[in-house]
Structure formats: structure tokens, C-alpha cells
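Inside the fold
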Amino acid sequence: MRTFKTESKKLLDLMINSIYTNREIFLRELVSNASDAIDKLYLKSLTDSSMGLDQANLAINVAFDKDARTITVSDNGIGMTEAELEENLGTIAHSGSEAFKEANAEAQGDAVDIIGRFGVGFYSAFMVAKEVSVVTRAWGADECFRWTSDGVEGYEIEPVAADDPAWRDSCGTSIVLTLKDDTEDASYDEFLSEWKLRELIRRYSNYVRYPVQMLVTKSREKERPADAGDDYKPEWEDYTELETVNSMTPIWKKRASEVTDEEYAEFYKSTFHDWADPARTFSLHAEGTLEYDALMFIPGQAPFDLYSRDYEKGLELYSSNVLIMEKCADLLPDYYNFVRGVVDSADVSLNISRETLQQTRQLQAMARRIEKKITGELEAMRDDDREAYEKFFENFGRGLKYGIYSSYGMKADELAGLLLFWSARDQKMVTLREYVAAMPSGQKAIYYAAGDDRDRLSKMPVVQAVLDRGFDVLLCTQDVDEFCFQAMREFTAKGLPKAYADDAAREAAEKAAADGAEPEVEDRTVELRNVTSGDLDLASDDEKKAAEEATKANEGLFGAMKDALGEKVEKVAVSTRLSADGAPAVITSEGPLSLEMEKVLASGPEAEHAPKAVRVLEVNAAHPVFEKLRAAQEAGDEDKVALYAGLLYNQALLVEGILPEDPVAFASQVCELM
Ligand code: ADP
Ligand code: MG
């Protein structure tokens, strides 16, 4: 017996018990080695035409024997000489493939796309096997050798006799694993099934570039005998057939022009288990220091668990066509967690287990590029196919808004342009840029109202008051909306047609444009304002002055009302936003917290400590009710003033969709009035 070189025992033990977290990848490693061996033979034939290699025959075969408890992976690749067997399999962490790659890098350049690099993959076989035997015949050699090991101490190498059933007539390698016995907590039997092996090949080695074949059992109807009578019942028989299990050509390596939409959709549906076609398909081919191909999809529908804790984002990561990670989360930002796809790079540094990645720098570079690509693709969809985009936004818009909120607005540059909101004026979804572009001169802010029902919002007096001035209001019905807006504070609409300060300047520009100059554009930054928040600054100076004077003139009344309402409001004042035929009063808020946010927070997990909005009761001085209030005050009827104050306050809350704190008291106030 020859003992393993290097700190063999320890290393082997480490390999088998710690490096890999997943037993089943042994098949991926053996198939990858077989593919490498065929690659090497193929590369050799490129420089040696006398070899007469028949490419069509190059294949990998996977077989199993339930009774003998063996799995065999064989290839007709380059094989190994006795010395190579010793060197490659007798030395753990020696990669013959890495050495081959280096030797051939110059001669072959990019053609060398060999998978092996660490010299440990082979030993993953010992995770499932109690004995491994490798029979190999090197290309051009006329002898075969057998390497056997139990994966503990060492190995034997012996020549294979020509009359040995294992003898190979041509070059290549067969690896036979004798599986470990089942124990209480580990089953190895599961690998002895056609279904399981097929599944593993499909999962990890689907895009290995040579056919991975298996003898599969099928069933067919026996031929009907010529003399069969009327009562003949069809009979069935089993037969076996060599089938190629993997699909080989990675669709993401093909040019988009070579692939039909149907093929992309098929790939998407079968790979990501969706029954609906993707809403959009796009790819990315990066060249340079870090090369990779990415194929991505925007689903046509939201996965049912998208907003649950169990949802895992990520792209499939392949290295040289071999699956490394099913969900590489680092490749996608959270707000694009709905994107599905595949990234393939021969360049990413893998940990020797291949299951963990070694370097995050490359990943970060890839992730940045991927993010940009997704943003660009969504922008294109928004501009070219609005209907599809609105559907997309219905499915995934919430996540985009959340992305802005959770980044404290830092991601607004990337994402704000993608948002859609309901325009109360136009009765359709609009982007913020569209809103700003349509603003009449004199409008200072983007106005929005937040609540859970579009209909109710549009009827709110504060919304109507803004609409009445000719300004649009965005009606926001998702709980994240206002938090997103607060994080943004303002929005910059880029490249709007320039607004000229005076007619002369405009005419000059028009003339220049007529002479063929590019029309001038400008960016406009506009604040976002909730229509229920403090001073909206809608009123003219005269209106403001009048309201201030009216507030002052009624100091006594407002003082009494404030006393009656107590802590519920910060102050009572004359409103500048309500018209004569508008509501008698509205509740607005001062400071950053709006009534709607208060409501959202109060329904959240921190409800008990949720902060309260600072409320102001704004009274419509032109409304007949105001006269009643003044009359009560002048008559010195304190009880009546208090009653009216309570009623006004509660009905204004009701209009905003907030229940009075004490519904019973409110009901009795109404009765008292009657
Ligand atoms: P790696 O593939 O990372 O190089 P492995 O432990 O998987 O490491 O394999 C070690 C070496 O054994 C390979 O580099 C290769 O030289 C050799 N080898 C493994 N399997 C085969 C095979 N089927 N045919 C020829 N050579 C092989
Ligand atoms: Mg390998």
C-alpha cells in the first residue's frame, strides 16, 4: 500500500467531514472531472490532427448497480498514466487540471475553460463511498491501471490485465464508488436510483458541455401479434435506452438573437418553477478583467411568498457551466429581490468546497453592474411598454418604495424614477417626473395624500382644497408610501424642458430652437408635501394675512376650544386651505409625523410606544358653523363651545378615516345636538 502524500490523513478527514456541507455534490465533482478529461483530449486534438478524434463520441456515462451498491462514472477523455495517477490522486490538493490549464493557457488562450482547480473535488467521493476504484488508460498508452482506496490511509495502484472485465480498449477513466452502508442518520441507498442520479445531474451538471448519459428504463407497448384476436389486451414491456440527461448548451452563453422568446420563457419556467411567462428577459455579457454572462428575468407575477420571511432572493451562480450556488443573495439588492436569473463566470474565486465564495470584491463588482442593468431594463420597460410596466409595478412596486425608505433615501436616485402613483387629477398612474412636468407655474411642491382607500382620499376636504387650486394630488394607498416620501423629502425631475423666467428669454430660445439648436432642458427639484401637513403654503399672502387676523380676532374662542379639547390638539386656528363651500374644519399635523403615519405605526409591532402626530384643528372661518361657534362664545355658553369643539374635532377625524378616541362620547354629543 502507498500512503497518501502530504498530511494525508488529517487533510482527507478534513475534506470529507468539513469542507463540503452537502454530500450529494460528489457527483458534480466526478462529472466535472470527466468533462475536464474530455476537454483535455479535445484540446490536444486541436493541435494534433493525426489523432483523428471523433467528437461525436465524446461522452460521460453514469451508471449504478443496486445489488453491488456501486455508482460508476466513466468518460472517454484523456485518461491517466501510472505516474499521473500517483501524482493526481495520490496527492491531495494537487490539481492536474490546474497544471494543465497553466501549461495550455498561452497556447489556447480562452479556449481553456476547465473546471478543476483545487485538487480536492475527487475526494468528495469518500463522503458517500467506502471504497473508490479508478480504472484508467491514458491517451496513446497501451496499458490500463487501477487505483483503489478506502479513503483513509492510502491507496494501491496496479496494472489491469487484458482479460480483466475492467480492461479498457481505449483511453478514458472509469470511477467506481462502492457506497457506504446506511446508518441510522445517513442514507446512501438514496443515490442508487435512476431518478436521484438524474436529478443530481440535472441540478449541478446540466450545462456541462459533453453529454452525460445514463441507461434508463422505459416502458413500451409490445407489438401486437399478427394472430391477436378481438379480445387481445395490449401488453407492456420494460426496455433500456441510453439517454442524455443534461441539456448541455447553456442558454445564457448564446447570443440573444439566437434564442427565441419561447425558448427563454421555457427556460425560465422550468428553471424557476413558474407557470407564467416572464414579464421581461434580459442578458448581460461582461468582458474585461472579470468576465461573466448573466441572464435575468422579471417574473410576470409575484411569487406567493415574496413578502414572507421565508422568501430567499438570489441568482443562480455557475462557474464554468457547473452550478455553484442555487441562490447567491449577494448578487441582488433587496429591492430587486424578485429578479430571477443565472450568472456564470469562470473568474469568480471559489472556496475549495465551491459552495462558498472566497472573494466578495468580485461579487460586489458583479452585483453593482447587475443592479444597474436591472434599473436600466425597468426604465426601458416604463418608457416602452407602459401597460406591462404598470402590471410589474403592481407586483413589485412596494419593494422599490421600501428600498428607498430602508436606505434612508440614499437609493432614491436609483429608484425614485421607477415609482408610480395614482394621480387624483388625471385618474391614472403617473411617475413623479410626469407629475412635475405637468405642474402649473406657481405650484411649489408635489402634493400627496396617504390612506388606505383611494376613493375616500379623493373626497377628503384637504385633497379637494389642493385640487381646487389646480394642483394635482398623488393618492397613496400603500403603508410604505409616506415613509418612502419622508425618506426622499424631495424629488429631482431630470431633463425637463426649460422654464423661462420672462417672455424675451423664451422667445429667444424658441428662435434658437427653430434654427436647429437643441431645446434647453433643466433639472427641477421639488419638495414632497403631505396635504394634511402643517402649512402647505398654498395661500396667497393676502389670504394668509386674513387668516392670521381672523385667528387673532377670535383668540378667546380658540382658547376655549383648545381648553375643551385638551391634549388632543396642539392648537386651533383659522384655515387658509378651505374654501367657503368646503368642510367646516380639518385636522392637520405639524412636524414630520402625519396622521396616516401615526396610524401605520399604531398598527405595527411597536404600537404601544408609537409616537403621535401633533394635531392642529383648522377651522373654516367662511363656513356657517363658524358663526354658530362665535355666537355661543359671545353668549358665554362654555358648555356649547366645548360641545361644538368636540364635534368638529371628531367629524374631521372621521373624514380622514380615523375613529374618534371615544366613540361613545361622540355618539352622545351628536344626540345632545339633536
Ligand atoms: P481538480 O479537478 O480541482 O483538479 P480533483 O481532486 O477533482 O481536482 O482531481 C484531481 C486531479 O485528478 C485532476 O486535476 C485531474 O488531473 C485528475 N483526474 C481526476 N479525474 C480524472 C478523470 N476522470 N480523468 C483524468 N484525470 C482525472
Ligand atoms: Mg475536480
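Cut-offs applied
Residues numbered from 1 in each chain as written. Chains lettered and ligands numbered in written order. Predicted model: local features only at pLDDT ≥ 70, side-chain atom pairs only at ≥ 80, totals over all residues. Heavy atoms only, no water. Axes fitted to C-alpha atoms, helices over the stretch in contact; angles between N-to-C directions. Helix = DSSP H or I, 4+ residues; strand = E, 2+ residues; numbered from the N terminus. Parallel < 35°, antiparallel > 145°, perpendicular 65-115°, else oblique. Contact = heavy atoms within 4.5 Å. Nonpolar A, V, L, I, M, F, W, Y, C, P; charged D, E, K, R; others polar. Buried < 20%, exposed > 50% of the residue type's maximum accessible area, 1.4 Å probe, protein only. 1 Å grid on protein atoms, 1.4 Å probe; cavity = no way out; pocket = protein on both sides within 12 Å on 5 of 7 lines; lining within 4 Å. Points joined across faces, edges and corners; volume = space filled by probe spheres on them. Domains from an automatic or database assignment. Pairing = 2+ DSSP bridges.

Axis separation between helix α16 (residues 555-565) and helix α19 (residues 638-655) bottoms out at 9 Å; the angle between their running directions is 70°. One finds that α16 runs roughly perpendicular with respect to α19. On α19, the residues that touch L557, A560, M561, A564 and L565 of α16 are V641, A642, A645, G646, L648 and Y649. Its residues placed into classes, the contact of α16 with α19 shows 10 nonpolar, 1 polar and no charged.

In this section: unusual backbone geometry. Despite not being glycine, S320 shows a phi value in the positive range, around 50°. Mapping S320 onto the fold places it in the loop between β12 (315-319) and β13 (322-328). Overall, S320 belongs to the buried group, its relative accessible area being 9%. One non-glycine residue, R489, lies in the positive phi region at around 65°. Tracing the backbone shows R489 in the loop between α13 (479-488) and β19 (490-497).

This brings us to empty space enclosed by the protein. Per the stated rule, a full pass over the model turns up 4 cavities of 30 Å³ or more. Its boundaries defined by the atoms lining it, the largest cavity holds a volume of some 90 Å³. Residue classes in the lining of the largest cavity are distributed as 5 nonpolar, 4 polar and 4 charged. Each of domain 3 (420-530) and domain 4 (541-673) gives at least three residues to the lining of the largest cavity.

Let us now look at the sheet that holds strand β23 (residues 614-619). Taken in spatial order, the 3 strands line up as β21-β23-β22 in an open sheet, and their pairing is mixed. Of all strands in the sheet, those with a lone pairing partner are β21 (571-574) and β22 (585-590), marking the two edges. Sheet twist, expressed as the average angle between the axes of neighbouring strands with direction ignored, equals 35°. Looking at chain direction, β22 and β23 are connected through 6 bridges and run antiparallel. Residue pairing across strands places A585 opposite V619, the latter belonging to β23.

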